[in-house]
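What the coordinates show
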Amino acid sequence: MEQKLLELQNEAISQIENAEDLKSLNDIRVAYLGKKGPITEVLRGMGKLSAEERPKMGALANDVRSAIQEKLDEKLNRLEQEAVLKQLESETIDVTLPGRPVKQGNHHPLTRIVEEIEDLFIGMGYQVAEGPEVEQDYYNFEALNLPKGHPARDMQDSFYITEDTLLRTHTSPVQARTMEKHQGKGPVKIICPGKVYRRDNDDATHSHQFMQIEGLVIDEKITMADLKGTLEVFAKKMFGSDREIRLRPSFFPFTEPSVEMDISCKICGGKGCSVCKGTGWIEILGAGMVHPNVLEMAGFDSKKYTGFAFGMGPERIAMLKYGVDDIRHFYTNDIRFLKQFAKYEA
Ligand code: DAH
């Protein structure tokens, strides 16, 4: 019996050594150490042994079992390690392979212009303010010195939602809202970028939805000279230090006096061309001194406080700056158009 057990041990160990994968190793374990295996079989014959031999055989059988188990564990470890190594080898990355280029987007030209203008004014101490696109008639018109029935309301064809609410036709209502929040106390120094809506037919220079940037400064002793100086700094930073500005008298119900600002035409240097329609000047924005009625309606004492305001269209500025000939390019998202602005990315 001793002989038989040792033979089984040798046989099992040599099979374990030759096992090539985890499955055959498990088969060997079941075959030798399982309930129906040969060792159990041998042990069943122990009854026939003498009382002295029985414990000796029992101990030997246990030794054989643990020797096989030990060998199995050792081999299992080795196979597992080999599997990990193989996996690592098959998963190595060839760092010498050339990479695939990552497609990178760029800012929309209008986003660029708005951010550029925001930065410029933030640098002069302004804060950025926002207001709702669905606006009350009161803020869009009335608080800006445009009572119901005022003929100047026709300057801005509006999308009304109810009798008292509409899609804002300009960013000027943010002026009225901000002033109201200040409760009659200056200073106020804001710019307000945002979308506005008008009942216009879309063409190369008109869109039913476009952007505006509004500016408002209110404090004691603000004069037209402050307005002109501010606009001049803006125009030169935006379009180049060689550009001249001029202010022309104009009319807006919310400012008195009102002006429009032109910049000298860069293309013809002032001689007159198709871009400036032969005048040598290009209109950029509307502005003026805040009307006393507007100040008073928002709760400011118009004897103590004065202010200036201006409103401009980022699309128009982008068109002039980048030479874009159709406003609709900004909204149709043709990737070939948008990609041309990648070169301006920082
Ligand atoms: N809100 C005017 C428009 O949409 C633009 C404008 C002109 C705004 C003069 C102003 C201003 O603040 O002072 O046509």
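Predicted, not measured: the structure shown is a model, and the values here were computed from it. (Residues numbered from 1 in each chain as written. Predicted model: local features only at pLDDT ≥ 70, side-chain atom pairs only at ≥ 80, totals over all residues. Heavy atoms only, no water.)

For the rest of this paragraph, the subject is the state of the cysteines. Enumeration according to the criterion identifies zero disulfides in this entry. A disulfide-free cysteine, Cys-273 has its sulfur positioned 3.7 Å from the sulfur of Cys-265, the nearest such atom. Of all cysteine sulfurs in the structure, the one in Cys-268 sits closest to Cys-276, which takes part in no disulfide; the separation is 3.6 Å. (Disulfide = S-S within 2.5 Å.)

The subject of this paragraph is the sheet that holds strand E9 (residues 281-290). In spatial order, the strands read E1-E5-E6-E10-E9-E8-E7; together these seven strands make up an open sheet with mixed pairing. The open sheet has two edge strands, strand E1 (127-128) and strand E7 (245-252), and neither has a second partner. Bridge analysis of strand E5 (residues 188-197) against strand E6 (residues 209-219) gives 10 bridges, and the strand direction is antiparallel. Of the residues in E6, the one forming a bridge with Ile-191 is Gly-215. Seen against the sheet, helix H5 (residues 109-122) touches E1, E5, E6 and strand E10 (306-312) and runs at an angle of roughly 165 degrees to E5. (Pairing = 2+ DSSP bridges. Helix = DSSP H or I, 4+ residues; strand = E, 2+ residues; numbered from the N terminus. Contact = heavy atoms within 4.5 Å. Axes fitted to C-alpha atoms, helices over the stretch in contact; angles between N-to-C directions.)

In the structure shown here, the tally under the stated rule is 12 aromatic pairs. Ring centres 5.9 Å apart and planes at 20 degrees place the aromatic pair Phe-252 and Phe-254 in the stacked group. Among the residues examined, Phe-252 registers a relative accessible area of 17% and is labelled buried. On the basis of relative accessibility, which here comes to 10%, the residue Phe-254 falls in the buried class. On the basis of an interplanar angle of 70 degrees and a centroid distance of 5.2 Å, the ring pair of Phe-337 and Phe-341 is categorised as edge-to-face. Grouped by ring-pair contacts, the aromatic residues Phe-121, Tyr-126, Phe-234, Phe-308 and Phe-310 constitute a single cluster. (Phe/Tyr/Trp six-rings, centres within 6.5 Å; stacked < 30°, edge-to-face > 60°. Buried < 20%, exposed > 50% of the residue type's maximum accessible area, 1.4 Å probe, protein only.)

Honestly, it's all geometry; don't read function into it.
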